[in-house]
Each structure stands twice: as structure tokens, then as C-alpha cells.
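Residue-level listing of the chains:
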Amino acid sequence: MTRQMTGAKMVVQALRDQGVDTVFGYPGGAVLPIYDEMFQQNDIQHILVRHEQAAVHAAEGYARSTGKPGVVLVTSGPGATNAVTGLTDALMDSIPIVVLTGQVPTFMIGTDAFQEADTVGITRPCTKHNWLVKDTAKLSETIHQAFHVALAGRPGPVLVDIPKDVQFASADYQPKQKAPTGHYQPQVKGDMEMITALVEEIETAACPVFYTGGGVINSGPGASQLLRELVEATGFPVTSTLMGLGAYPASGKHWLGMLGMHGLYEANLAMHGCDLMINVGARFDDRITGRLDAFSPKSRKAHIDIDPSSINKVIRVDMPIIGDVGHVLEDVLKVWKARGRRINREGLQKWWARIHDWQKVDCLKFKPNEGTIRPQYALSRLEALTKGRDRYITTEVGQHQMWAAQYLGFEDPNRWMTSGGLGTMGYGFPASIGVQVAHPDALVINVAGEASWLMNMQEMGTAIQFRLPVKQFILNNERLGMVRQWQELLHGQRYSHSWSEALPDFVKLAEAFGAKGILCKDPADLDDAIMEMLNHDGPVIFDCLVEKHENCFPMIPSGEPHNKMLLGEAKTKDAIGSKGAVMV
Amino acid sequence: MSALQIKKGSTKHSAYNLRSTFSDVEETHTIAVLVENEPGVLARVIGLFSGRGYNIDSLTVAEVDHKGHLSRITIVTTGTPQVIEQIKAQLGRIVPVHEVHDLTAEGSSVERELALLKVTGVSDKRVEALRLADIFRAQVVDSTLESFVFQITGTPEKVDAFADLMRPLGLTEIARTGVAALARGL
Ligand SMILES: Cc1ncc(C[n+]2csc(CCOP(=O)(O)OP(=O)(O)O)c2C)c(N)n1
Ligand SMILES: [Mg+2]
């Protein structure tokens, strides 16, 4: 059955057909017809953000905490350009987002019309794909195709640019089932020969390690389940990138903690010393590998990834397996079981003995201070007081982000939303809004730095308007802490513009928006203050004044291999050579 | 076949089993890309090369299947084996890309380029130009009393050679199509 309707109505109908329940957006001239349709229906809720960048980050939070695509609706010109940071963020972290932008009418395109921007041109490098729809008859199938592309294979952001005359004109609506998804069908099943080769190595490896990433989360909860099964069955140690936290539970017996630049000592040394590295849905990012020519020198490497371009991009692997993590892990388990569930028990025992020695270093230990709150202490207390709750964590970008990854434990996938690839300050607050919208009854906390938080603080308005009880846990060091740390280690302690001057009174700021503000500066008061935050039924800004010059350790300095990790203050002097200094 | 399913080439049957993917010796490859002829598709391909710092030695594009709206883009590029593999994988990721073929790696292929060369001059030089054109089987497609426009087809090397010879004989302008290439055999 085909139905005639306007392009604007089609947009809403297509979203409905795609099962969309929430749109994050901001209106303007070029999307007025669509907003008019939004007004006249109740199936899809619209969350009015206060800045289009926040709409995309909120959609990312929604997507990452549900596995469903996040949807954004913004106007042409500035509305679209404001969305660019969010799109780039989603592209880097492989988050499925569908952004709908208004555009000036087709007959005005190219005339420098009011609020005209070459949106598909500007967003071409920061989307997985984008479309300019010039004909209403193509609109509904393009939107359906956009959802397909956003989700298929390695997920990512897509954008559909819709000129205003296309929104007004009428045509036949194509339902989802009838819309062709095109030839774009990425491969999900891994090559069985290569999977068998990997199983053979699993059977004999003496020092194996699973190196897991965001691909496990993106593959869906089933993939995390399979990973857990494989880890438990083989007894292999497992570490994860920042993006993959929660796929394997932090309380799990085989958990080594996060790896990488600010990863745990035992995780990085296991990576360095292993003889079999099984990369599951991670991409050998430079935060992980450190110096390339010294990366895990003795290991055979398997790489499971749905994106063929991730294979051999920076690290040469011996067993590339292109496919969806869930499908591949299922086959690995099947083959391994069928061949008799063999492992190298003796080797593994010795390997664990070495790992236990590394774990004894207890690289995250710290002494709480008497007078001032150390950020590690604040996060340890937050962890202790929220453990066991239905908890979702987002973060901003900086030291606090790394401490959150180190000191909070994630038991399940989709509970940890952080800007990994792009490292976008200002991500966490709007992301927490998106998460809370998707999970109205859950506890949603944004672990923030004061500088990052200010970048999207206008979203307090959104939190208040939609009664979203997001908790903004700000580790306030009055510094651009991560920048300051690098200046200390690399630039002779010349702290060029890395402190936060003229900070607002966060308690008053909260009150000005109609939210609750809590200030805490004494470790002795911290538990009560955190409980007060948790017990408050509404958004809270928690201004946690912390030690100002704390550095984040462990740290692998840029340009160094994993075994050249810095564990603490004493050894940091001149740790970074001039080669490392040019890297970020 | 899906665009993402890289032709046995970049992975286990990849050339890196024969030569190191991570060698720093640069190679020149001719890559044929079959794409849906939709707006912006060429910009996507070119943007990929410029954004990721790959070289384009030559690029040609035209619709080859008007009914199916398919265009064929032929790119000649130079890079280390690893970079060539990346280029192919990255091209395969572009949504409107249907197929990626490394004609250099997949066996032998024929490559042709067409060029138009304007040569101006009188008397001896003019005669010499005509004589050489004959040797290269270039055709005269325009002529005045003081100029010729030659059309030559052949490999880029042949076109280069012809152009080099024409230079002292009064070459004033050259237009080249870039390479079109097809695999040999079935
Ligand atoms: C949008 C953006 N601008 C600049 C940076 C560079 N940067 C990384 S961390 C950081 C400081 C963050 O300060 P804050 O949010 O207070 O976190 P802290 O490191 O103090 O915990 C800066 C400026 C960035 N990541 N993102
Ligand atoms: Mg700070």
C-alpha cells in the first residue's frame, strides 16, 4: 500500500517505521515543516537541546546505552555546522546516528541563500555516508537506507539533508520493508579457515591475552556474552580499550583492567609480553600501541574486526578475521569445543604467575589525603556508593576521564559512554542526557572536569525541562588538568593557559537553572555528599573540589613502548624524549 | 558481492604473504573502482585520498553503465604495499562503491591513455613532428599552416615518450585523459 503525503510527514512516518521513539533536535527555518508534523503527533518524543552539538552527543548517549540508532533533527546552515563535532565524534567511535538536516529549497541551492551551507560537502568526511534529497519521491527510501547504513557493518553517523521544498511537496511513501537497502551488506561471518588457525594457536599459546574493544559492545550484548564464555572456558587473561569497558565484567576473575596510555601496569605488560594476542573488535589505536616498532614484539596476532580497513592499518597481524565479533566468537567457540577444548595448561599457569606478580605492584593504589580530596579517592567512593545499582556513566575528556576508567568498574556493556577517538570535551553532559532519556529510571552520572563541563553547560536547561535527574559529578581541579600534566612532563612546567579562571559558583549555577548544587571539599564529608546527590530526585551539579596538581598514572609517555610505563611522580622527570614530544 | 568484502587480496591471500606489506618500497598500482553514479561520489573518492594523504597519479571517471548508473573510476596511485592495501580497504568502505579491483595485483591488465598535443612550428620542425607522429601512430586531428593537433593513445609511458620528443619540436599544449585500464582475459 502506498500513500501520498508531504515530505515532512514522510520524515515522521519513516522514523515511526524505524521504531524511533526519541529525536534530539533544535528547530529553525529550514525544518519548520518537519517540526510542524512533530507537533501533530505523539509517537515520537522530541528532546529540545540547547545547542545542536549537544543534540548529537545526546543521541550518541542514547545509542551507546541502548544499541539503537540515535536520531537528530536540526536546521540548515548553523544548525548543521554545529552538528559537525558530534558527527566526527560518532564517526571515530563507530556510533550509529541518523542526523536529519533542513536545507534551503532546491531552487535556491548554490545561491548563498540565508542559512545555506553545503551540508553534504561539509559532513562528507565526518559521516559514514550522507545524502541530499532533491525529490520527495526519494525521501522515505533514503531515510530507510540511512538507518540501514548507520547500523550495518561498522556502525557510524549518517546525515540526510532535506531541502524545504522537498518537505512541502507530496509523493508516495515507501514503507521500510519495500525500501531497497542497496548493495551495502558488509560481511559478518568470519573466514572459517582463519578461525581454525586462531583456534590452533589458542590450543598451544603459553602467554595469550584477549585485547578487546568497542567492537564487542557494538556487536550487541550477545557478543559480550560469548566473550565471557570464551574467556572463562580458556582461562585467558583479558584486557580492554577505553571503548570496550564492560564487555567483560570488571569483577571477572580474568580481568586485567584497561590497557593503553593510562592503562593498568599488568594489562600493558601482558600485552608487551604475550605470545598470542587476540584482538577482538579493537583497532590498534595509538593510545594503545605506543611506539609501533616495539609493540608486543613476541606475539602472534589475531584481529577480529568488521571493518577490513582496520586490518593491517598500523600493526601487521598474522590472523586477520573480517566479520562481526558476535558471529566470529561463536564460531571460535564452536571450533575450539569441537576440537576438544584444549589449552596449554602449564604455560598458562606460569603466565598467570607472572601476571599476578605484576598485579602486586597495585598500580592504582593511592593514599587518601587528610585535608583535600584526591580525585582517585572521589571516584573510589563514587564506585563504592553506587556499586550494584543500575548505573550508567558518561565522562568528559581529561584526567577525570582516565581516572573514571581506572577506578570505576563496569559489569555490563552499554554502561560506559565516553568520547574515545575524538576526545571531545563537552561530550559527557549531553551524552548523560541522552542516556537518561533512554533509561528514565536508571542512575546516570557524568564524571566531568570543570573545564569540559563548561563547554556544554547550557544543557542544564534541557535537563530541567525534561526532568532528567542526571548527576554531574565534577572533579574540579581548577585546571585543564590533562593539559597541565603534559606541560609539567613535556614543557618545563610552563603552564600556558591551562588553568580555569573565573569559574562559576557551581552551586549557584545549579540553583539558577532550578537544579540542586552540592559543594564538597573535605574528604570527611564526601560520602554524605555523594549520598545526598544520589538521593536527590532531580539533576544535581556536584562540585567536588579536588587536589589541583594530581597527575594521572600509570602513563606510557608518547613514543615509548608498553614496558616503559611511568608509575608515579618520582620517575617522571625527563621521561618523555624529544621524539615523543611531537606526538599528541 | 558486498563492497566491504575485499577481494581476496588484502587479507590472508594477500600479497603480504609473498612480500612484506610493511615494506617501505613504493609501488605504483592501477585501481579500478565501480561506483554508483550518485552526486558526490567522486568527491568521496578524492576526499579519501586527500584526507588520508594518499597519492593520485592519475584519475579518470565516466559512467559505464547508463541503465545501472554505474561509473568506473580508474586511479593510478603510488605507495608502500601497506598503503596500497589501506587504499583498497578504505575505498571498499565507501557506501556507493560496488567493487574495488587492484589491476596491478590481480594479474596482467591493459592500460591506455589518450592525449591531444598541440605542436606549433614551420618547415623542418613541422616535418620532423609529422614523421615522429607516424612512428608513434599518432593521428593528426587538426592542422593549420603553423600547427598540428596530434591524438595519441597508448600506455602513459608511450604518451610521455611522445611528448618528450615533441617538446623541442614546438609542443605548446597537452591534454591527457588519464589511464583507462581493464584486466586481460576473461
Ligand atoms: C573540544 C576540546 N578542546 C580541547 C581539548 C584538549 N584537552 C584535552 S583534556 C583538556 C583539559 C580538560 O580539562 P577538564 O575538563 O577540567 O579535565 P581535567 O583534565 O582537569 O580532569 C583539554 C583542553 C579537547 N580534548 N577537546
Ligand atoms: Mg579540570
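Residues numbered from 1 in each chain as written. Chains lettered and ligands numbered in written order. Predicted model: local features only at pLDDT ≥ 70, side-chain atom pairs only at ≥ 80, totals over all residues. Heavy atoms only, no water.

1. Points about the site of ligand 1
Residue and element names in this part refer to chain A. In the vicinity of ligand 1, 17 residues are found, and the nearest of them are Gln399, His400, Gly423, Ser452 and Gly481. At 2.9 Å from an oxygen atom of ligand 1 is found a side-chain nitrogen or oxygen belonging to His400. With respect to ligand 1, the side chain of Glu450 contributes an N or O atom lying 3.2 Å from an oxygen atom. A total of 590 Å² of accessible area belongs to ligand 1 in isolation, and the protein chains cover 76% of it. Those elements that provide at least two residues to the shell around ligand 1 are α17 (399–407), α19 (450–454) and α21 (481–490). Grouping the amino acids of the shell around ligand 1 by side-chain chemistry returns seven nonpolar, eight polar and two charged. (Near = heavy atom within 4 Å. Polar contact = N/O pair within 3.5 Å; in protein donor to acceptor, adjacent residues only side chain to side chain. Areas by Shrake-Rupley, 256 points an atom, 1.4 Å probe, with all protein chains shown as cover. Helix = DSSP H or I, 4+ residues; strand = E, 2+ residues; numbered from the N terminus. Nonpolar A, V, L, I, M, F, W, Y, C, P; charged D, E, K, R; others polar.)

2. Considering the coordination of the magnesium ion (ligand 2)
Around a metal, the perfect tetrahedron of four donors has angles of 109.5 degrees, and the perfect octahedron of six donors has angles of 90 or 180 degrees. Residue and element names in this part refer to chain A. Distances from the magnesium ion (ligand 2) to its protein donors, Glu450 (OE), Glu450 (OE), Asn477 (OD1) and Arg479 (O), fall within 2.1 to 2.8 Å. When the donor residues of the magnesium ion (ligand 2) are listed from N- to C-terminus, their spacing reads E-x26-N-x1-R. On the criterion of sequence distance, the pair formed by Glu450 in helix α19 and Asn477 in the loop between β18 (471–476) and α21 is long-range, its members being 27 residues apart. Of the residues examined, Glu450 reaches a relative accessible area of 1% and is grouped as buried. What makes Asn477 buried here is its relative accessible area of 7%. (Donors = N, O, S within 2.8 Å, 3.2 Å for Na, K, Ca; no water. Buried < 20%, exposed > 50% of the residue type's maximum accessible area, 1.4 Å probe, protein only.)

3. What about the environment of Asp331(A)?
All names here are of chain A. In this fold, Asp331 is placed in helix α14 (residues 325–338). Judged by relative accessible area, which is 3%, Asp331 ranks as buried. Measuring from C-alpha to C-alpha, the distance between Asp331 and Val74 comes to 43 Å, with 257 residues separating the pair along the chain. In this structure, Asp331 is in contact with Lys189, Met192 and Ile195, ignoring residues within four places of it in sequence. At 3.2 Å, the side chain of Asp331 forms a polar contact with the side chain of Lys189. (Contact = heavy atoms within 4.5 Å.)

4. Some words on the packing of aromatic side chains
Residues and elements named next belong to chain B. Under the counting rule described, the total for this entry stands at 15 aromatic pairs over all chains. Taken together, a centroid distance of 5.9 Å and an interplanar angle of 80° make the contact between Phe150 and Phe162 edge-to-face. In this pair, Phe150 sits in strand β7 (residues 147–154) while Phe162 sits in helix α4 (residues 156–166), placing the two residues 12 residues apart along the sequence. In this pair, the class of Phe150 matches that of Phe162, namely buried. One residue, Arg126, lies across the ring of Phe148, its end atom 4.2 Å from the ring centre. (Phe/Tyr/Trp six-rings, centres within 6.5 Å; stacked < 30°, edge-to-face > 60°. Lys NZ or Arg CZ within 6 Å of the ring centre and 35° of its normal.)

5. Some details on helix α22 (residues 506–513) of chain A
All names here are of chain A. Taken together, the buried positions of α22 are Phe506, Val507, Leu509 and Ala510. For α22, the angular spread of the buried residues around the axis is 160°, confining them to a single face. Residues of α22 that are exposed and point over 90 degrees away from its buried face: Lys508 and Ala512. For α22, the secondary structure elements touched by its buried residues are α19, β18, β19 (516–520) and β20 (540–545). The N-terminus of α22 is capped by Asp505, whose side-chain oxygen sits 3.0 Å from the backbone nitrogen of Val507. (Arc of directions from axis to C-beta.)

6. Overview of the domain arrangement of chain B
Residues and elements named next belong to chain B. Taken domain by domain, chain B consists of domain 1 (27–102) and domain 2 (109–183). Between the C-alpha centres of domain 1 and domain 2 the distance comes to 28 Å. Across the boundary between the two partners, domain 1 contributes seven residues, which contact seven residues of domain 2. Summing both sides of the interface, domain 1 and domain 2 together bury roughly 460 Å²; the carbon and sulfur share of this comes to 49%. Broken down residue by residue, the surface that domain 1 buries against domain 2 is led by Thr30, Thr60 and Arg72, which jointly contribute 62%. Linking domain 1 with domain 2 are zero salt bridges, by the criterion used here. At the surface where domain 1 touches domain 2, the tally comes to four residue pairs in polar contact (both at pLDDT 80 or more). Mapped by element, the contributors of at least two residues to the side of domain 1 that touches domain 2 are β2 (58–65) and β3 (70–79). Of the residues assigned to the side of domain 1 that touches domain 2, the class counts are two nonpolar, four polar and one charged. (Domains from an automatic or database assignment. Buried area = accessible area lost by both parts, 1.4 Å probe. Salt bridge = Lys/Arg side-chain N within 4 Å of Asp/Glu carboxyl O.)

7. Here we look at the pattern of salt bridges
All names here are of chain A. Per the counting criterion, the structure on display carries 33 salt bridges over all chains. For Lys9, the salt bridge identified is with Glu37, shortest N-O distance 3.4 Å. In this pair, Lys9 sits in helix α1 (residues 7–17) while Glu37 sits in helix α2 (residues 32–39), placing the two residues 28 residues apart along the sequence. Across the pair Glu203 and Arg342 runs a salt bridge whose closest N-O atoms are separated by 3.6 Å. Pair noted here: Glu203 is in helix α9 (residues 192–204) and Arg342 is in the loop between α14 and α15 (345–360), with a separation of 139 residues, a long-range link. Residue class for Glu203 comes out buried when judged on its relative accessible area of 9%. Among the residues examined, Arg342 registers a relative accessible area of 43% and is labelled partly exposed. If you follow the salt bridges from partner to partner, you end up with Glu200, Glu203, Arg339 and Arg342 in one network.

8. Examining the nonpolar core
All names here are of chain A. Core analysis: the largest hydrophobic core is formed by 106 residues, its most contacted members being Leu379, Phe473 and Phe542. The contact partners of Phe473, leaving out residues within four places of it in the chain, are Ala378, Leu379, Leu382, Ile445, Asn446, Val447, Ala448, Ile530, Met533 and Phe542. Among the nonpolar cores identified, the runner-up in size contains 42 residues, and Phe24, Ala54, Ile97 and Met417 belong to it. (Core = buried A, V, L, I, M, F, W, Y, C linked by side-chain atoms within 4.5 Å.)

9. Section: the side chain of His29(B)
Residue and element names in this part refer to chain B. You can see His29 is positioned in strand β1 (residues 27–36). At 2.8 Å, the side chain of His29 forms a polar contact with the side chain of Glu27. Of the polar contacts made by the side chain of His29, one reaches the side chain of Asp102; its length is 2.8 Å.

10. A few points about the sheet that holds β7(B)
Residues and elements named next belong to chain B. Taken in spatial order, the four strands line up as β6-β7-β5-β8 in an open sheet, and their pairing is antiparallel. Edge positions in the sheet fall to β6 (139–143) and β8 (171–183), since each has one partner strand and no second. Direction aside, the axes of adjacent strands within the sheet are offset by 15° on average. Two elements, β6 and β7, share four bridges in a ladder whose sense is antiparallel. From the neighbouring strand, Val140 faces β7, where its bridge partner is Phe150. Across the sheet, helix α3 (residues 123–135) touches β5 (109–120), β6 and β7, and the angle it forms with β7 is around 20°. With respect to the sheet, α4 is in contact with β5, β7 and β8, its orientation differing from that of β7 by roughly 155°. (Pairing = 2+ DSSP bridges. Axes fitted to C-alpha atoms, helices over the stretch in contact; angles between N-to-C directions.)

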